[in-house]
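# Structural overview for review
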Amino acid sequence: SGILYVVATPIGNLADLSARARRVLGEVSAIAAEDTRTTHQLLNHLGIATELIAYHEHNESAMMPRLLARLAAGEDLALVAEAGTPLISDPGYQLVAAARAQAIRVVPIPGANAAICALSAAGLPSDRFLFLGFPPRTQSRRRTWIEGVANEPGTLILYESPHRILETLADLRMVLGDGRRIVLARELTKRFETFLSGSASELIAQLEVDADQRRGELVILVEGCPSADLQGLSPEVQRTLRILADAFP
Ligand code: SAM
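Since we're looking at a predicted model, the values are computed, not measured. (Residues numbered from 1 in each chain as written. Predicted model: local features only at pLDDT ≥ 70, side-chain atom pairs only at ≥ 80, totals over all residues.)

### Quick look at the overall build of the chain
Put simply, the test is: Starting at the N terminus, helices and strands are each numbered in turn, a helix being any DSSP run of H or I of at least four residues and a strand any DSSP run of E of at least two. Exposed residues have 12 or fewer other C-beta atoms within 10 Å of their own C-beta, buried residues have 20 or more, and partly exposed residues fall in between, where C-beta atoms are placed from the backbone. The contact criterion used is a C-beta to C-beta distance within 7 Å, with each C-beta placed from the backbone.
Check the secondary structure of the chain and you find nine helices and ten strands. When each of the 249 residues of the chain is scored for burial, the buried share is 30%. Here the analysis covers contacts within the chain between residues at least 6 apart in sequence; of these, 73% occur between residues at least 24 apart.

Shown next as C-alpha cells:
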C-alpha cells in the first residue's frame, strides 16, 4: 500500500514550509486538505499542481473510505490542515487511526505548530506543559473546564478566537485567581507578531484600551499551578483558598 504523509504547513510565514514538505506535496498523488482554498494558494506559491481533495470535519467520515482505498491501491497521499500541524485542533485523527489499523505507513513531516511556537518564545516554564486546544464556548462549561486543570503544575496552552479572548481571560481570573502570569502570543510568524505578558487583570485592561491587540490569531499560555500544596483538597476548598490568597497576598 501507499504512504500517508501528515504534512505541517506554515501558520503565517510561507518561508516556514520545509524543503521536505515541499517535495512531498509535489510528489504525492493527491493532497487531502482541510481548506482547499488556502492549500491551493500555498501550492500556487510553490508552483505545485497536485490534486486537492476536500477533507474537513463535515465530510471526514464520508471521505475516509475513499482515501483509505486509494492508499490501499498503492497511491501516496498527503494530509494537510489549513495551517500548522494536522490533528492538532484540526481534523485527521480518524484517518491516521484508520490507516494505522490497516497497517498503512503513516509518515509525519514536521513543521509549524502555533502552541509550540508560542511556548518556545513566551518565557514561561517549558519543561512541562498541557495543551488544551480551544476552550468550550459557553461560560459555565468554560469555567468547569478551567477548574479541571486548576491543579496542573505545567504551563497551560490554549487556543482562542479574538471574539472570546476577553471572556476567557475573565474566566481564567475567576477560576484560577489573578496571581498567575499569562502570555498572549498573537499573529505568530506574521507581520504583527506580538507577545503580551501580565496578570489576567493587566491583560484585560490592555486589550480593552487597545482593540488592535484583540485582532488576528491568538495562543494563550498560563503559568501552571504555583505549588503542590493545594493538591488533594476538594475543588471547593481549593477555590476558597485561592480567593483568600488573592484577597490577602
Ligand atoms: N493545527 C494548527 C496548529 O498546528 O497550530 C492549529 C489550528 S486551530 C484550528 C487554529 C488556532 O491556532 C487559532 O485560533 C489560534 O488560536 C492558533 N493559531 C494558528 N495560527 C496562529 C498564529 N499565526 N498565531 C497565533 N495563533 C495561531
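### Some remarks on the site of the ligand
To be explicit about the condition: Placing the C-beta atom from the backbone, one calls a residue near a molecule or strand if that atom lies within 6 Å of it. Classification convention: Asp, Glu, Lys, Arg as charged; Ala, Val, Leu, Ile, Met, Phe, Trp, Tyr, Cys, Pro as nonpolar; all other residues, Gly among them, as polar.
The environment of the ligand is formed by 24 residues, the closest being Gly 84, Ala 114, Tyr 159, Leu 188 and Glu 217. Counting only elements with at least two residues in the shell around the ligand, the list comes to α5 (114-122), β7 (155-160), β8 (182-186) and β10 (218-222). Its residues placed into classes, the shell around the ligand shows eleven nonpolar, seven polar and six charged.

### Focus on helix α1 (residues 19-27)
Note the cut-off: The arc in question is formed by the directions pointing from the helix axis toward the C-beta atoms.
The complete set of buried residues in α1 reads Ala 21, Val 24 and Leu 25. Across the axial projection of α1, the buried residues extend over an arc of 100°, all falling on one side. Facing away from the buried side of α1, by more than 90 degrees, are the exposed residues Ala 19, Arg 23 and Glu 27. Buried residues in α1 make contact with β1 (3-7), β2 (30-33), α2 (36-46), β4 (77-80) and β5 (105-109).

### Some words on the sheet that holds strand β3 (residues 51-54)
Operational definition: If DSSP finds at least two bridges between two strands, the strands pair. Helix axes are fitted to C-alpha atoms over the stretch in contact, other axes to C-alpha atoms as well, and angles between N-to-C directions run from 0 to 180 degrees.
Read from one edge of the open sheet, five strands run β3-β2-β4-β1-β5, paired in parallel fashion. Two strands bound the open sheet, and with one partner strand each, they are β3 and β5. Neighbour-to-neighbour, the strand axes of this sheet turn through a mean angle of 25°, independent of strand direction. As paired elements, β2 and β3 share four bridges and run parallel to each other. Looking at the pairing, Ala 33 lines up with Ala 54 of β3. Against the sheet, helix α3 (residues 60-72) engages β1, β2, β3 and β4, with an angle of about 145° to β4.

### Quick word on the confidence of the model for the chain
Just so we agree on the cut-off: Per-residue confidence from the prediction method is given by pLDDT, with values spanning 0 to 100.
Mean pLDDT for the chain: 95, with 98% of residues reaching 70 or above. The ipTM, which scores confidence in the relative placement of chains, is 0.99 for this predicted complex, and the corresponding pTM is 0.91.

### A short note on the pairing of β10
β10 sits mainly inside the fold: five of its five residues count as buried. By the alternation rule, side chains of β10 split into Leu 218, Ile 220 and Val 222 and Val 219 and Leu 221, which are all buried. Note: β7 against β10, five bridges, orientation antiparallel. Directly across from Glu 160, in β10, lies its bridge partner Leu 218. Examined bridge by bridge, β8 and β10 share five bridges and lie antiparallel to one another. Bridge pairing in β10 links Arg 186 to Leu 218.

### Some words on the environment of Ala 54
With respect to the helices and strands, the residue Ala 54 is situated in strand β3. Note on Ala 54: 14 C-beta atoms within 10 Å, which makes it partly exposed. Put simply, Ala 54 and Asp 35 are 19 residues apart on the chain and 6.7 Å apart in space, counted from C-alpha to C-alpha. Excluding anything up to four places from it in sequence, Ala 54 contacts Ala 33, Thr 36 and Asn 59.

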